[in-house]
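# Residue-level structural notes
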Amino acid sequence: LLLCPAVRAQWTGDVRLTYANESSHPGSNNSRSIAAQRDSLFIVWSDVRDGNSEIYFKRSLNAGLTWESDRRLTDDPAISSLPCILVQGVNVHVMWFDTRDGASNFEIYYKRSTDAGVTWSQDTRLTYDDAYSWYQSIAATGSNLHAVWRESRDGNYDIFYKRSSDNGLTWGTDTNLTQAPGSSETPCITALGSTLHVLWFDNRDGGAYEIYYKRSPDHGFSWGPDVRLTNDAGVSFGPCAEAKDSMVHVIWQDSRDGNWELYYKRSTDRGLTWSTDARLTNALQTTESPSVAASGPNVHVAWWDNRDGNYEIYYKVSTDRGSTWQPDARLTNDGSWSQFPHLAVADSMLHVMWLDGRAGNDEIYYQQNPTGNAAVSDEPGTGITRVTGTPAMARST
């Protein structure tokens with residue numbers, strides 16, 4: 001297995017961000033728990049320091065050099081968990097799922113800050129039904145906010161969507177995007193311009209889970225058909241995506257090789273056609289929970305795997321929009337486990353947060369790469385993965 005010391009050397013040391021002495025947890029990897037804009041960083045997570053699971057927020061205004069104190073965003077006796085965060089200018093948006101409306105009734109909640117996290121609105125309940133609504137993901141196109149989540153109100157799990165056209169002040173009605181037999185799981189949404197891209201995995205075809213995709217070209221007013229992106233004998237699940245320029249980059253976890261590995265595919269025409277699948281990892285162990293971030297020609301991926309006998313955070317980068325990939329770089333090295341990484345980029349800087357057990361309990365840790373979003377060079381012949389083949393039109397269902 002080839003690692004990349006040149007890439008690893010660019011990263012700073014680990015920084016512990018939470019001292020709750022209780023179980024902390026970032027959101028699901030279908031969406032991000034860290035957001036970056038220039039020198040400002042914002043993170044969200046849930047922990048049980050107050051006796052039940054609540055949403056917490058923290059920010060840095062100097063590119064991660066120092067961090068302000070933790071701020072509790074929720075205050076109710078129920079479970080508040082799996083937060084995701086989005087930043088646009090001075091507007092910071094947070095979503096999570098909550099059981100305050102009944103222990104067996106998960107609902108999606110939202111709140112926002114219009115002054116970069118100094119003050120916050122009241123909690124806004126976004127879903128109203130008796131089913132589980134969770135695994136939410138959020139994106140923005142201008143002043144439009146777009147939310148997707150997994151929900152079972154129609155008897156099986158489907159992907160639902162709703163939009164705010166006024167920066168989160170009010171929200172429209174729910175729309176079922178999938179309406180498919182089987183189970184549609186863990187959606188991810190990314191947006192660029194007026195185009196929305198939604199990915200999820202489901203088993204509508206009666207076999208293993210596959211990755212599906214759907215797009216809206218007009219801020220979510222209309223939607224194209226469901227498109228199946230994978231077709232293999234293994235299980236394909238947990239997609240995450242990033243849209244930049246006219247490209248959409250998708251990473252997921254796949255068992256087609258007999259163990260869990262990461263796979264990648266891309267669209268160079270805003271989701272109309274897709275490349276063939278490219279295997280990104282070859283760890284021969286469990287490789288899980290990827291996170292992806294892109295800016296300019298650079299596509300960054302982080303994940304956790306146990307190739308070294310315990311779970312550690314790994315990273316790799318493409319500097320040519322996903323055409324070729326540098327070898328894996330190991331970011332953590334401690335005797336405990338490191339899991340659930342989340343990536344963010346701003347200007348030349350690359351940031352990653354993750355969950356870590358080295359302190360004897362679950363805490364949030366952080367690293368940065370000050371030049372990680374610039375071109376990365378490495379010695380030739382070190383095992384670069386190349387995406388080959390002409391783009392192939394995925395089939396619609």
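The structure this text deals with has already been given above.
Here we summarise the structure given alongside this text. (Residues numbered from 1 in each chain as written. Predicted model: local features only at pLDDT ≥ 70, side-chain atom pairs only at ≥ 80, totals over all residues. Heavy atoms only, no water.)

Along the chain, Lys265 falls in strand β21 (residues 261-267). By relative accessible area, which is 5% here, Lys265 ends up buried. Sequence separation between Lys265 and Leu280 is 15 residues; the distance between their C-alpha atoms is 10.0 Å. The residues contacting Lys265, other than those within four sequence positions of it, are Leu229, Val248, His249, Val250, Trp252, Trp274, Ser275, Thr276 and Asp277. A polar side-chain atom of Lys265 sits 2.7 Å from the main-chain carbonyl oxygen of Leu229. Polar side-chain contacts of Lys265 include one of 3.3 Å to the backbone oxygen of Ser275. (Helix = DSSP H or I, 4+ residues; strand = E, 2+ residues; numbered from the N terminus. Buried < 20%, exposed > 50% of the residue type's maximum accessible area, 1.4 Å probe, protein only. Contact = heavy atoms within 4.5 Å. Polar contact = N/O pair within 3.5 Å; in protein donor to acceptor, adjacent residues only side chain to side chain.)

Attention shifts here to the packing of aromatic side chains. Scanning all chains against the criterion turns up 26 aromatic pairs. With 5.1 Å between their ring centres and 70 degrees between their planes, Phe57 and Trp120 make a pair best called edge-to-face. Placement of Phe57 in strand β5 (residues 54-60) and of Trp120 in the loop between β9 (107-113) and β10 (124-125) is noted, with a sequence separation of 63 residues between them. Take Phe57: its relative accessible area is 1%, and that puts it in the buried class. Between the aromatic rings of Phe97 and Phe106, the centroid separation amounts to 4.8 Å while the plane-to-plane angle is 25 degrees, which identifies the pairing as stacked. Grouping aromatic residues by their ring pairs yields a cluster made of Phe97, Phe106, Tyr132, Trp134 and Tyr135. Its end group placed over the ring of Tyr56, Arg49 keeps NZ or CZ at 4.1 Å from the ring centre. (Phe/Tyr/Trp six-rings, centres within 6.5 Å; stacked < 30°, edge-to-face > 60°. Lys NZ or Arg CZ within 6 Å of the ring centre and 35° of its normal.)

This part covers the pattern of salt bridges. Per the stated rule, a full pass over the model turns up 40 salt bridges. Among the ionic pairs, Asp47 bridges to Arg49, the shortest N-O distance being 2.7 Å. Assessed through its relative accessible area of 0%, Asp47 is described here as buried. Residue classification places Arg49 among the partly exposed residues on the basis of a relative accessible area of 27%. In this structure, the salt-bridge partner of Lys214 is Asp226, at a minimum N-O distance of 2.6 Å. Of the two residues, Lys214 is situated in strand β17 (residues 210-216) and Asp226 in the loop between β17 and β18 (227-228); the sequence distance between them amounts to twelve residues. Residue Asp226 is classed as buried on the basis of its relative accessible area, which comes to 5%. Several salt bridges converge on common partners, so that one network encompasses Asp76, Asp98, Arg100, Lys111 and Asp123. (Salt bridge = Lys/Arg side-chain N within 4 Å of Asp/Glu carboxyl O.)

Counting 18 residues, the largest nonpolar core has Met95, Phe97, Ile108, Tyr110, Leu126, Leu145 and Trp171 as its most contacted members. The set of elements that each furnish at least two residues to this core consists of β7 (80-88), β8 (91-98), β9, β11 (133-141) and β12 (144-151). Sequence-distant contacts of Leu145, defined by excluding residues within four places in its chain, comprise Leu86, His93, Tyr110, Ala139, Ala140, Lys162, Arg163, Ser164, Asn167, Gly168 and Trp171. Membership of the second largest hydrophobic core comes to 15 residues, among which are Trp11, Ala293, Leu343 and Tyr365. (Core = buried A, V, L, I, M, F, W, Y, C linked by side-chain atoms within 4.5 Å.)

Time to look at unusual backbone geometry. Of note in this structure, Asp245 is not a glycine but carries a positive phi near 55 degrees. For Asp347, which is not glycine, the phi torsion reads 55 degrees and is therefore positive. The residue Asp347 is located in the loop between β28 (338-346) and β29 (349-356) in this model. Overall, the relative accessible area of 56% leaves Asp347 in the exposed class.

Across the seven residues of β17, seven count as buried, placing the element largely inside the fold. Taking every second residue as pointing to the same face, both faces of β17 are buried, with Glu210, Tyr212, Lys214 and Ser216 on one and Ile211, Tyr213 and Arg215 on the other.

This next bit is on the sheet that holds β10. Ordered in space as β7-β8-β9-β10, the four strands form an open sheet in which the pairing is antiparallel. Of all strands in the sheet, those bounded by a partner on one side alone are β7 and β10. Sheet topology places β7 next to β8; seven bridges connect them, and they run antiparallel. In the sheet register, Ser80 faces β8, and the bridge partner there is Asp98. (Pairing = 2+ DSSP bridges.)

In space, the four strands of this open sheet follow the order β1-β30-β29-β28, with antiparallel pairing throughout. Both outer strands of the open sheet, β1 (15-16) and β28, are each paired with one neighbouring strand and no more. Pairing analysis gives two bridges linking β1 to strand β30 (residues 363-369), with the strands arranged antiparallel. For Arg16, the partnering residue across the bridge sits in β30 and is Tyr365.

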